[in-house]
Amino acid sequence: MRVNHTYGRGGSLAYLAAYDVHHAKVFGRTEPRTGIDPFMNLVAKVMNQEPYASAKRVFWIVDNGSSHRGQKAADRLAAAFPNAVMVHTPVHASWLNQVEIYFSVVQRKAVSPNDFTDLAQVGDRLRAFEDRYNAMAQPFQWKFTTSDLDELLARLDRHTADRQEGSSVALAA
């Protein structure tokens, strides 16, 4: 591979994806930018097909990105698709959203190294990766249980208590 010290920006491409956690199926779109309309285009791509169109409820787990932040976004989603329910992850906890795991895989397996000559090549690689992923993927198997969470929280509590005890300072003048 050749590496050049000069860098020429070729523009950017937004890759939006929804991930069916039960079937390990990705629904992706490339857009020239992010925003409400591109996000709703992704939602329509998913919600207008079965089994989502006729499902009693479809939960959309989202981070707090500007295109789907807050009650206004949840209301907009429900107005367009009455069976869609938006659930926001806590701020700074998008790692709880399984699509973020998929994006991490995309970064490592499809985007790096970024040896693209133009945006069309980026889009082609993303679509090819998505097709291959959908043909081979299995749902993620979470290994972090509620018991693991309880243990982690107890350990954090002990650590915080230990630090508070050890942080007292005696000064002599």
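Owing to the predicted nature of the structure, the values given are computational and were not obtained by experimental measurement.

Looking at the largest pocket, its volume works out to about 960 Å³. Sorting the residues of the lining of the largest pocket by element identifies strand 1 (14-20), helix 1 (36-47), strand 3 (58-62) and helix 3 (98-111) as the ones contributing at least two each. Among the residues forming the lining of the largest pocket, the class breakdown is 26 nonpolar, nine polar and four charged.

A cluster of nonpolar side chains, contributed by Phe144, Leu149, Leu153 and Leu156, occupies part of the molecular surface with about 360 Å² of accessible area. Among the structural elements, phenylalanine 144 can be located in the loop between helix 4 (119-136) and helix 5 (146-166).

Cis peptide bonds are those with omega within 30 degrees of zero, and the linkage from glutamate 50 to proline 51 qualifies with 5 degrees. One can find proline 51 in the loop between helix 1 and strand 3. Although it is not a glycine, alanine 24 adopts a positive phi angle of roughly 55 degrees. Mapped onto the elements of the fold, alanine 24 is located in the loop between strand 1 and strand 2 (25-31). Alanine 24 gets classed as buried once you look at its relative accessible area, which sits at 1%.

Counting 20 residues, the largest nonpolar core has Phe39, Val43, Met47, Trp60, Leu77, Phe81 and Met86 as the members making the most contacts within it. Those elements giving two or more residues to this core turn out to be strand 1, helix 1, strand 3, helix 2 (70-80) and strand 4 (84-88). In terms of residues, this core owes the most to one element, helix 1, which gives six residues. When neighbours within four sequence positions are excluded, tryptophan 60 is seen to be in contact with Ala18, Leu42, Val43, Val46, Met47, Leu77, Ala84, Val85, Met86 and Val87. Ala17, Val99, Tyr102 and Phe129 belong to the second largest nonpolar core, which has 16 residues in total.

For side chains bearing opposite charge, pairing can occur when the charged atoms are close. Tallied over the entire structure, the rule returns three salt bridges. Between aspartate 115 and arginine 125 there is a salt bridge whose closest N-O contact spans 3.1 Å. Taken together, the residues span a long stretch of sequence, with aspartate 115 in the loop between helix 3 and helix 4 and arginine 125 in helix 4 at a distance of ten residues. The salt bridge partner of aspartate 124 is arginine 127, with a shortest N-O separation of 3.1 Å. In this pair, aspartate 124 and arginine 127 are both assigned in helix 4, three residues apart and thus about one turn of the helix distant. Overall, the relative accessible area of 40% leaves arginine 127 in the partly exposed class.

Moving on, we get to helix 3. The first and last C-alpha atoms of helix 3 sit 19 Å apart over 14 residues, in line with the 20 Å expected at 1.5 Å per residue. Of the positions making up helix 3, those classed as buried are Gln98, Val99, Tyr102, Val105, Val106 and Ala110. Looking at the buried side of helix 3, the elements it contacts are strand 1, strand 2 and helix 4.

Attention now moves to the pairing of strand 4. Inspection of the sheet shows strand 3 paired to strand 4 by five bridges, in the parallel sense. Paired with isoleucine 61 across the bridge in strand 4 is valine 87. Taking the sense of rotation as the criterion, the β-α-β connection linking strand 3, helix 2 and strand 4 turns out right-handed.

Conventions used here
- Starting from 1, residues in each chain are numbered consecutively following that chain's sequence as written.
- With the structure being a predicted model, the display of local features is reserved for residues of pLDDT at least 70 and the display and counting of side-chain atom pairs for 80 or more, all residues being used for whole-chain, interface and lining totals.
- Hydrogens and water are ignored here; the side-chain numbers use all heavy atoms of the structure.
- Throughout, the protein atoms alone are placed on a 1 Å grid, and a set of points is a cavity if a 1.4 Å probe fits but cannot get out or a pocket if it is open with protein on both sides within 12 Å along at least five of seven lines; lining residues have an atom within 4 Å of a point.
- Grid points are joined across faces, edges and corners, and a volume is the space filled by probe spheres set on the points.
- Note on conventions: DSSP H or I runs of at least 4 residues are helices, E runs of at least 2 residues are strands, and numbering of each starts at the N terminus.
- Gly falls in the polar group here, along with every residue not listed as nonpolar (Ala, Val, Leu, Ile, Met, Phe, Trp, Tyr, Cys, Pro) or charged (Asp, Glu, Lys, Arg).
- Like-charged residues are merged into a patch within 9 Å and nonpolar side chains (Val, Leu, Ile, Met, Phe, Trp, Tyr) within 5 Å, provided each residue has over 30% relative accessible area and no salt bridge.
- With residues, only the protein chains shown are counted as cover, and all accessible areas are computed by Shrake-Rupley using a 1.4 Å probe.
- Note on definitions: salt bridges are taken to be side-chain nitrogens of Lys or Arg within 4 Å of carboxyl oxygens of Asp or Glu.
- Categorising residues by exposure relies on relative accessible area from a 1.4 Å probe, with only protein chains included: less than 20% of the type maximum marks a residue as buried, more than 50% marks it as exposed, and the intermediate range marks it as partly exposed.
- For our purposes a nonpolar core is just a set of buried Ala, Val, Leu, Ile, Met, Phe, Trp, Tyr and Cys residues, chained together by side-chain atoms within 4.5 Å.
- The contact criterion used throughout is that any non-hydrogen atoms of two residues lie within 4.5 Å.
- Between the first and last residue of a helix there are one fewer steps than residues, each counted as 1.5 Å, and that sum is the expected span.
- A pair of strands is labelled paired if DSSP reports no fewer than 2 bridges between them.
- With its strands directed away from the observer, a crossover is right-handed exactly when the path from the first strand over the helix to the second travels clockwise.

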